[in-house]
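Close look at the chain arrangement
For reference, the chains in residue letters:
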Amino acid sequence: MAGFPDVLAHCTGFEWNAGNAEKNWSTHRVSQAECEQVFFSRPVVIAPDLAHSGSEARFAALGTTHAGRRLSVVFTIRATLVRVISARDMSRRDRRIYAQVEAAQ
């Protein structure tokens, strides 16, 4: 699929940590379903999160939910599963980056 992020090409699903899922909901009111929707929206912007990559590579995704909510999702990949670490509404900077990508398409 053209424009599909290479880092996700081999992924087959999601792995959820109960603590992370609860934190995303209680702190930012972001559900697991909303997090997953970001990866199926277009455009989705994926970038390495080098500042927070330690023992495993982390990535940041910017995308929208089916309802149009703009989210920033930090995740890692374990085997073939996307593991969401945190999710929140896009910041002003995130929205600016995402708008540039949207305009280019």
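Overview of the structure. (Residues numbered from 1 in each chain as written. Predicted model: local features only at pLDDT ≥ 70, side-chain atom pairs only at ≥ 80, totals over all residues. Heavy atoms only, no water.)

**Things to note about the pattern of salt bridges**
All chains considered together, the criterion is met by seven salt bridges. The partner of Arg 83 in a salt bridge is Glu 15, with the nearest N and O atoms 2.9 Å apart. Residue Arg 83 is located in strand β5 (residues 81-89), and its partner Glu 15 is located in strand β1 (residues 13-15); the two are separated by 68 residues in the primary sequence. A relative accessible area of 13% places Arg 83 in the buried class. According to the relative accessible area criterion, Glu 15 is partly exposed, its value standing at 26%. Linked through salt bridges whose partners overlap, the residues forming this network are Glu 15, Glu 56, Arg 78 and Arg 83. (Salt bridge = Lys/Arg side-chain N within 4 Å of Asp/Glu carboxyl O. Helix = DSSP H or I, 4+ residues; strand = E, 2+ residues; numbered from the N terminus. Buried < 20%, exposed > 50% of the residue type's maximum accessible area, 1.4 Å probe, protein only.)

**Structural notes on helix α1 (residues 18-28)**
What α1 keeps buried is the set Asn 20, Ala 21 and Asn 24. Looking straight down α1, one finds that the buried residues subtend no more than 100° of arc, so they occupy a single side. In α1, the exposed residues that point more than 90 degrees away from the buried face are Ala 18 and Thr 27. Turning to α1, the residues buried within the fold contact α2 (32-38) and β5. The N-cap of α1, judged by a side-chain oxygen 2.9 Å from the amide nitrogen of Gly 19 a few residues on, is Asn 17. (Arc of directions from axis to C-beta. Contact = heavy atoms within 4.5 Å. Polar contact = N/O pair within 3.5 Å; in protein donor to acceptor, adjacent residues only side chain to side chain.)

**A few points about the layout of surface pockets**
Reported here for the largest pocket is a volume of approximately 310 Å³. In terms of lining residues, the largest pocket is bounded by 16 residues, among which Ala 60, Leu 62, Ser 72, Arg 88 and Asp 94 are the most central. Among the elements of the structure, β2 (45-48), β3 (58-64), β4 (70-78), β5 and α3 (92-104) are those that each provide at least two residues to the lining of the largest pocket. With four residues, the single largest contributor to the lining of the largest pocket is β2. Taken together, the residues of the lining of the largest pocket sort by class into nine nonpolar, three polar and four charged. (1 Å grid on protein atoms, 1.4 Å probe; cavity = no way out; pocket = protein on both sides within 12 Å on 5 of 7 lines; lining within 4 Å. Points joined across faces, edges and corners; volume = space filled by probe spheres on them. Nonpolar A, V, L, I, M, F, W, Y, C, P; charged D, E, K, R; others polar.)

**Some points on the state of the cysteines**
A covalent bond bridging the sulfur atoms of two cysteines is what the word disulfide describes. The full count for this structure, using the stated rule, is zero disulfides. No disulfide involves Cys 35; its sulfur sits 15 Å from the nearest other cysteine sulfur, which is in Cys 11. Its relative accessible area of 1% is what places Cys 35 among the buried residues. (Disulfide = S-S within 2.5 Å.)

**Considerations on the side chain of Glu 34**
Along the polypeptide, Glu 34 turns up in helix α2. Residues in contact with Glu 34, not counting those within four places in the same chain, are Arg 29, Thr 65, Arg 69 and Leu 71.

**Describing a positive patch on the surface**
A grouping of Arg 92, Arg 93, Arg 95 and Arg 96 is seen on the molecular surface, where their side chains present a positively charged patch. Note that Arg 96 resides in helix α3. For Arg 96, a relative accessible area of 49% puts it in the partly exposed group. (Patch = residues over 30% accessible without salt bridge, like charges linked within 9 Å, V, L, I, M, F, W, Y side chains within 5 Å. Areas by Shrake-Rupley, 256 points an atom, 1.4 Å probe, with all protein chains shown as cover. Lys, Arg positive; Asp, Glu negative; His and termini not counted. Charge placed at Lys NZ, Arg CZ, Asp CG, Glu CD.)

**Some thoughts on the nonpolar core**
The biggest cluster of nonpolar side chains holds 15 residues, and the ones touching the most others in it are Phe 39, Ala 61, Val 73 and Phe 75. Breaking this core down by element, the ones donating at least two residues are α2, β3, β4 and β5. The element best represented in this core is β4, accounting for four residues. Once residues lying within four places of it in the same chain are set aside, the contact partners of Ala 61 are Val 38, Phe 39, Val 44, Val 45, Ile 46, Leu 71, Ser 72, Val 73 and Phe 75. (Core = buried A, V, L, I, M, F, W, Y, C linked by side-chain atoms within 4.5 Å.)

Structural measurements only, silent on function.
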